[in-house]
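Spelled out from the first residue to the last, the chains are:
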Amino acid sequence: MLASTLDVQNMTCAECPITVKKALEQVPGVSGVKIDFEHKTATVHMDTDKAKVSMLTKATSDAGFPSTVRK
Ligand SMILES: [Cu+2]
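Below is a summary of the structure that appears in this document. (Residues numbered from 1 in each chain as written. Predicted model: local features only at pLDDT ≥ 70, side-chain atom pairs only at ≥ 80, totals over all residues. Heavy atoms only, no water.)

**Let's talk about the sheet that holds strand E2 (residues 30-36)**
Heads up, the rule is: Between any two strands, at least two bridges found by DSSP are needed for them to pair. Every helix listed is a DSSP run of H or I at least four residues long, and every strand listed is a run of E at least two residues long, numbered separately from the N terminus. What counts as an axis is a line fitted to C-alpha atoms, over the stretch in contact for a helix, and the angles between N-to-C directions run from 0 to 180 degrees. Here, residues are in contact when the closest pair of their heavy atoms is within 4.5 Å.
With respect to topology, 4 strands assemble into an open sheet ordered E2-E3-E1-E4, the strand pairing being antiparallel. The open sheet has two free edges, formed respectively by E2 and strand E4 (67-69), since each of these has just one partner strand. Averaged over all adjacent pairs, the angle separating strand axes in this sheet is 25°, with direction ignored. Taken together, the 6 bridges between strand E1 (residues 2-8) and strand E3 (residues 41-46) define a ladder with antiparallel strand orientation. By the bridge assignment, Asp 7 is partnered in E3 with Thr 41. Helix H1 (residues 16-25) contacts E1, E2 and E3 of the sheet and is inclined by roughly 160° relative to E2. In the packing of helix H2 (residues 53-62) onto the sheet, the strands contacted are E1, E2, E3 and E4, and the crossing angle to E4 comes to about 160°.

Structure below.
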């Protein structure tokens, strides 16, 4: 299990975190998503046997919210 934090772009209103959360939860292997709207981040708990970080960034980008992994 890995917790990975993404910096998420384009979250401008209260609805946006809901969309981002749903997009991330659809990635296989993701077991938990916590969005921090104030800091524009998403913390994702994932099973690294199934989910890759690249799949997370793709999922948010496909939903209209490009993201990058916070190092
Ligand atoms: Cu919005």
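Text resumes after the structure shown.
**Re the side chain of Ser 4**
Spelled out, the test is: Burial status follows relative accessibility: with a 1.4 Å probe on protein chains alone, a residue under 20% of its type maximum counts as buried, one over 50% as exposed, and anything between as partly exposed.
Looking at the secondary structure, you find Ser 4 in strand E1. By relative accessible area, Ser 4 is classed as buried at 6%.

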